[in-house]
Amino acid sequence: MARRRLNVRVAGKHLLAPDVTGLHLQPVAGEPRLQWLPGQYLDVLLDEDRRRPFSIANGPQPDGTIELHVRHVAGGGFTSRVADALAVGDTLRIEGPLGTFVAREDSERPMIFVAGGTGIAPVKAIVEHFLELGTRRAIDVYWGARSATDLYLLPRIRQWQRQAPQLRFHAVLSEAAQAGDAGPRTGLVHEAVLADHPALAAYDVYMSGPPAMIDIARHRFVAAGLPEDRLYYDSFDYAPDVLAQIIASRAGFHL
Ligand SMILES: Cc1cc2nc3c(=O)[nH]c(=O)nc-3n(C[C@H](O)[C@H](O)[C@H](O)COP(=O)(O)OP(=O)(O)OC[C@H]3O[C@@H](n4cnc5c(N)ncnc54)[C@H](O)[C@@H]3O)c2cc1C
């Protein structure tokens, strides 16, 4: 799909979790609409050189609404603005669609989705796409979060389970104190996947979240027999200018 730059209006803003803001963006009158595949992301353009990537949490809608889940990064310029100053009616300039983290429909294999934090955003878009298609493939969704309050999509996930009884959901909390006896599992999300599925050769795996989670899970899943070409992932890396700054400051000079 053709990548384009366009202005969008903030049509809705709400708190999803203590540090996650949900945004609804809509096309500005007279602007073209963004076309995208469920799972892709967009860049918010701050200026010519700086952009901030965010996954689109929904599939294309009749009214053009784009849904984002924005985690507030401590000290982060744009995500702080989203948490504080950004208001309904404000305009953002975006570019998209971007990325290849999309549904692979040419398979009958069972699917495992692994999300870390706001990595649930593109997973939501892809899972809902498969549900709209009426898939009968087995679906396991693993969502790793720090604490129970970070599991901000639970009501929606319960809807998925009502719609598709073959969908199983597994919450995995990294802060042990957050889980009660009968509560969610604790530990690292990829370890929960491997405990349930020690052999992954028969699966398609979709993963989205922080780079550290993606890196370790990739290696462990391939070691568990998952062919690399059936591992689809989106790593929430630093924006290029931020990475350049980090590298420059390590090298002892400033950009
Ligand atoms: C393909 C892709 C999709 C993404 N989708 C989402 C999404 O759906 N929801 C979401 O909340 N985030 C997502 N991210 C991460 C998001 O882009 C960053 O959190 C954001 O760019 C931070 O911008 P900022 O201006 O607030 O921080 P900056 O001002 O750019 O950075 C300030 C400081 O914050 C820290 N920081 C910056 N970026 C990151 C990062 N990626 N991880 C950890 N620490 C960081 C660093 O310490 C940095 O020095 C995605 C990233 C990628 C690459």
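What counts and what doesn't
Starting from 1, residues in each chain are numbered consecutively following that chain's sequence as written. Local features in a predicted model are, by the rule used here, given only for residues with pLDDT of at least 70; side-chain atom pairs are given and counted only at 80 or more, and totals for whole chains, interfaces and linings are based on all residues. Where side-chain values are given, they derive from all heavy atoms of the structure, hydrogens and water being excluded. Pairing between two strands requires that DSSP report at least two bridges joining them. The secondary structure listing takes helices from DSSP runs of H or I that are at least 4 residues long and strands from runs of E that are at least 2 residues long, numbered from the N terminus. Contacts between residues were defined by any pair of non-hydrogen atoms, one from each residue, lying within 4.5 Å. Axis lines are fitted to C-alpha atoms, over the contacting stretch for helices. Their N-to-C directions set the angle, which ranges from 0 to 180 degrees. Throughout, near means a residue has at least one heavy atom within 4 Å of the molecule or strand. What qualifies as a polar contact is a pair of N or O atoms within 3.5 Å, subject to a donor-acceptor requirement within protein and to the restriction that residues adjacent in sequence count only when both atoms come from side chains. Residue-level accessible areas treat just the shown protein chains as cover; the underlying method is Shrake-Rupley with a 1.4 Å probe. Start and end points for every domain follow an automatic or database-based domain assignment. Here the quantity called buried area is the accessible surface, traced with a 1.4 Å probe, that two parts lose on coming together, added over both. For this analysis, a salt bridge means a side-chain nitrogen from Lys or Arg found within 4 Å of a carboxyl oxygen belonging to Asp or Glu. Put simply, two rings from Phe, Tyr or Trp (the six-membered ring, in Trp's case) pair if the centres are within 6.5 Å, and we call them stacked under 30 degrees between planes, edge-to-face over 60, tilted for the rest. Here's how the labels work: a residue is buried when its accessible area is under 20% of the maximum for its type, exposed when over 50%, partly exposed in between, all with a 1.4 Å probe on protein chains only.

With parallel pairing, six strands are arranged side by side in an open sheet as 10-9-8-7-11-12. Of all the strands in the sheet, just strand 10 (185-186) and strand 12 (231-235) have a single pairing partner and so form its edges. Pairing geometry for strand 7 (residues 111-116) and strand 8 (residues 139-145), over six bridges, is parallel. Among the inter-strand pairings, Gly-116 is bridged to a residue of strand 8, identified as Gly-144. Sheet strands touched by helix 2 (residues 120-132): strand 7, strand 8, strand 9 (167-173) and strand 11 (204-209). Its angle to strand 7, the strand with the most contacts, is close to 155 degrees. Of the strands in this sheet, strand 7, strand 8, strand 9 and strand 10 are in contact with helix 4 (residues 189-196), which crosses strand 8 at around 150 degrees.

This paragraph deals with the site of the ligand. In the vicinity of the ligand there are 20 residues, among which Arg-52, Pro-53, His-69, Arg-71 and Thr-79 approach most closely. Interatomic distance of 3.1 Å between a backbone N/O atom of Ser-55 and a nitrogen atom of the ligand. Against a free-state accessible area of 910 Å², the protein chains account for coverage of 80% of the ligand.

All right, on to the domain arrangement of the protein then. If you check the domain split of the protein, you get domain 1 (4-98) and domain 2 (111-235). Taken over C-alpha atoms, the centre of domain 1 sits 24 Å from the centre of domain 2. With 16 residues of domain 1 in contact, the opposing surface of domain 2 contributes 15 residues. Interface area lost by domain 1 to domain 2 is led by Pro-38, His-69 and Arg-71, which between them contribute 38%. Our count for the domain 1 to domain 2 interface comes out at two salt bridges. Note that Arg-146 is salt-bridged to Asp-19, the shortest N-O span being 3.0 Å. The interface formed by domain 1 and domain 2 includes four residue pairs in polar contact (both at pLDDT 80 or more).

This next bit is on unusual backbone geometry. Backbone torsion omega between Gly-96 and Pro-97 reads 0 degrees, so that peptide bond is classified as cis. Looking at the secondary structure, you find Pro-97 in strand 6 (residues 91-98).

The next thing to look at is the packing of aromatic side chains. Taken as a whole, this structure holds six aromatic pairs when the rule is applied. Look at Phe-101 and Tyr-206: their rings are 6.1 Å apart centre to centre, the planes differ by 70 degrees, and that puts the pair in the edge-to-face class. Remark: Tyr-206 occurs in strand 11 and Phe-101 occurs in the loop between strand 6 and strand 7; sequence separation between them is 105 residues. Both residues of the pair, Phe-101 and Tyr-206, belong to the buried class. With centroids separated by 4.7 Å and ring planes inclined at 15 degrees, the aromatic side chains of Phe-113 and Tyr-206 adopt a geometry described as stacked. Within this pair, whereas Phe-113 is found in strand 7, its partner Tyr-206 is found in strand 11, the two being separated by 93 residues in sequence. For Phe-113, a relative accessible area of 0% corresponds to the buried category.

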